[in-house]
Amino acid sequence: MDTATSHLRPLAPRQAEALTHRARGLSNRETAQAMQCSVTNVSNLLAECFYKLHARNSTDAVAKAIKHGLIQFVLIATIVSGIGAEQEQLRTRFGRRLTSQTIRIRNNREGIA
């Protein structure tokens, strides 16, 4: 293990699985259904991921996990690039759940104040 990742603790398989589902854009409820466990269990798994990766939120945790090879980037790259059956589902989900941050980013891209 190199010095850049020596401060990070390895993720347990279930933690990596929960974080991979989060990287795919699934909610805690959807992740719980996919992992066949409770929503509380998913919340606890993700909280432990945040602690181990020194992350403040899901986005930060996913980015650090990918950077340090703790979850598979190939899965995420496939989903983000739109290859696969989930493309329309993700597009619909992200289209419905606009946040103030998403709106600010879109406005910045379009030059709207």
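See the structure shown above.
Residues numbered from 1 in each chain as written. Predicted model: local features only at pLDDT ≥ 70, side-chain atom pairs only at ≥ 80, totals over all residues. Heavy atoms only, no water.

> Could you clarify how one ought to interpret the packing of helix α1 (residues 13-23) against helix α3 (residues 39-53) in this entry?
For any two helices packed against each other, the geometry comes down to the angle between their axes and how far apart the axes lie. Interhelical geometry of α1 versus α3 gives an angle of 95° and a closest axis separation of 9 Å. As summarised for this structure, α1 and α3 are arranged roughly perpendicular, according to the angle between their axes. Residue-level contacts link R14, Q15, A18, L19 and R22 of α1 to L45, L46, E48, C49, K52 and L53 of α3. Looking at the contact of α1 with α3 residue by residue, the class counts come to six nonpolar, one polar and four charged. (Axes fitted to C-alpha atoms, helices over the stretch in contact; angles between N-to-C directions. Helix = DSSP H or I, 4+ residues; strand = E, 2+ residues; numbered from the N terminus. Parallel < 35°, antiparallel > 145°, perpendicular 65-115°, else oblique. Contact = heavy atoms within 4.5 Å. Nonpolar A, V, L, I, M, F, W, Y, C, P; charged D, E, K, R; others polar.)

> Quick question: what am I supposed to make of the pattern of salt bridges here?
All chains considered together, the criterion is met by two salt bridges. E17 is the salt-bridge partner of R14, the closest N and O atoms lying 3.5 Å from each other. Residue R14 and its partner E17 are both found in helix α1; the two are separated by three residues, about one turn of the helix. Of the residues examined, R14 reaches a relative accessible area of 33% and is grouped as partly exposed. (Salt bridge = Lys/Arg side-chain N within 4 Å of Asp/Glu carboxyl O. Buried < 20%, exposed > 50% of the residue type's maximum accessible area, 1.4 Å probe, protein only.)

> I keep staring at the packing of helix α2 (residues 28-35) against α3 and nothing clicks. Help me out?
Relative orientation of the contacting elements α2 and α3 amounts to 105°, with a least axis distance of 8 Å. Taken as axis vectors, α2 and α3 run roughly perpendicular relative to one another. Packed against α2, whose contacting residues are N28, R29, T31, A32 and M35, the element α3 presents V39, V42, S43, L45 and L46 at the interface. Counted by class, the contact of α2 with α3 contains six nonpolar, three polar and one charged residues.

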